[in-house]
Amino acid sequence: MNTTDTLKITAPEGTQNIEMSREFDATREQLLAAHMDPELFAKWVGPKGYEMTITQFEPRHGGAYAFEHRNPEGNDFAFRGVFHGEPTVEGFNQTFEFLGAPGEIFFEQFWFEDLGNGRTLLRARSTVSSVEIRDAMAKDMVSGVVEGYEKLDELLASI
Amino acid sequence: MNDDQLDLVFGALADRTRRGILARLAETDANVGDLTALFTMSQPAISKHLKVLEQAGLISRNRQGTMRLSHLQAEPLKHATGWLVDYRTYWSESYDRLDELFASLNNTNKEQ
């Protein structure tokens, strides 16, 4: 069953959100384990060729997580956050911070939806602190030109 | 871009007023007076922020008559954000690897 082209990422105009969805040949229990078991988490999160190190992982309400990626050039990027609410097969919530831009904290919500036949739809929403920062992150996904932001558009095209 | 320069860029970005200044300059050049009004901050405070941005190479400043205009320089931002793969690539590759992980887990279960 082909799931690789079910990835959808959108950045709805005028909102601070990045919306993502992806189908998996896995149960909701497996999706939860993939996100909450640090041994499994380390095996898939991050781009190809990046080394992943988890320095903290407390999969519970109020628990903290922290991990680092090292790219093939040897550069490190660190991330951390906190889980809010008890993670379940319905999904979970967390804050997320990239330590290269500290203080810019995202609020992220993840939903696991049963599609039947042992398949699950993962939906995720990242809420960023401003439309401008969301637009800069999602530069290839922002649809349309927001009136009065022509110069911002030039910036996005030049990045 | 070397590590020292990247440190300056990320350090400059790690302040919400400075990020706000960059967003404003993305629309059009501005002088200190424009920025002071926008952020309801003192002139010396804004000038301090502009100095940090200029040192990081994120803005350039030019005299136009009696005013000093700040101008956004996008190149360093390009290097800083290019350092991280883009959002879609990050998740597309991660989810592909998750597919492989599920496939191997489910195959292991079948064998048992």
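Since the structure is predicted, the reported quantities are computational estimates derived from the model, not experimental observations.

Points about the packing of helix α2 (residues 16-27) of chain B against helix α4 (residues 43-55) of chain B
Residue and element names in this part refer to chain B.
Right, on to step 1. Viewed as axis vectors pointing N to C, α2 and α4 meet at an angle of 75 degrees, and their least axial separation amounts to 10 Å. Classified by the angle between their axes, α2 and α4 sit roughly perpendicular to one another. Together, Thr17, Arg18, Ile21 and Leu22 of α2 and Ile46, His49, Leu50, Val52 and Leu53 of α4 make up the contact between the two elements.
Right, on to step 2. Grouping the amino acids of the contact of α2 with α4 by side-chain chemistry returns six nonpolar, two polar and one charged.

As for the pairing of strand β4 (residues 64-70) of chain A
All names here are of chain A.
Right, on to step 1. Most of β4 is tucked away, with five of its seven residues classed as buried.
Right, on to step 2. Relative to β4, strand β3 (residues 51-57) runs antiparallel, the two sharing six bridges. Counterpart to Phe57 in the pairing with β4 is Tyr65.
Right, on to step 3. In sequence, β3 turns back onto β4 through a hairpin of six residues, with Gly62 there showing a positive phi of about 80 degrees.

Brief notes about the confidence of the model for chain B
All names here are of chain B.
Right, on to step 1. In this model, chain B carries an average pLDDT of 84, and 87% of its residues clear a pLDDT of 70 or more.
Right, on to step 2. Per-element confidence in chain B is highest for α4, whose mean pLDDT is 95, and lowest for helix α5 (residues 75-82), whose mean pLDDT is 60.
Right, on to step 3. Interface predicted TM-score (ipTM) for the complex: 0.82; the corresponding pTM is 0.64.

Quick notes on the pattern of salt bridges
Pairing between side chains of opposite charge can happen when the charged atoms of each approach one another.
Residues and elements named next belong to chain A.
Right, on to step 1. Following the criterion strictly, the structure yields twelve salt bridges over all chains and no others.
Right, on to step 2. Arg70 is the partner of Asp76 in a salt bridge, and the nearest nitrogen-oxygen pair spans 2.7 Å.
Right, on to step 3. Asp76 gets classed as partly exposed once you look at its relative accessible area, which sits at 37%.
Right, on to step 4. Arg70 sits in the partly exposed class, given a relative accessible area of 37%.

So, unusual backbone geometry
Right, on to step 1. In this structure, Asn117 of chain A is a non-glycine residue whose phi angle is positive, near 55 degrees.
Right, on to step 2. As for its placement among the helices and strands, Asn117 of chain A is situated in the loop between β7 (105-116) and β8 (119-127).
Right, on to step 3. For Asn117 of chain A, a relative accessible area of 81% translates into the label exposed.
Right, on to step 4. The backbone of Thr40 of chain B sits at a positive phi, close to 40 degrees, despite the residue not being glycine.

Definitions and limits used
Residues numbered from 1 in each chain as written. Chains lettered and ligands numbered in written order. Predicted model: local features only at pLDDT ≥ 70, side-chain atom pairs only at ≥ 80, totals over all residues. Heavy atoms only, no water. Axes fitted to C-alpha atoms, helices over the stretch in contact; angles between N-to-C directions. Helix = DSSP H or I, 4+ residues; strand = E, 2+ residues; numbered from the N terminus. Parallel < 35°, antiparallel > 145°, perpendicular 65-115°, else oblique. Contact = heavy atoms within 4.5 Å. Nonpolar A, V, L, I, M, F, W, Y, C, P; charged D, E, K, R; others polar. Buried < 20%, exposed > 50% of the residue type's maximum accessible area, 1.4 Å probe, protein only. Pairing = 2+ DSSP bridges. pLDDT = per-residue confidence, 0-100. Salt bridge = Lys/Arg side-chain N within 4 Å of Asp/Glu carboxyl O.

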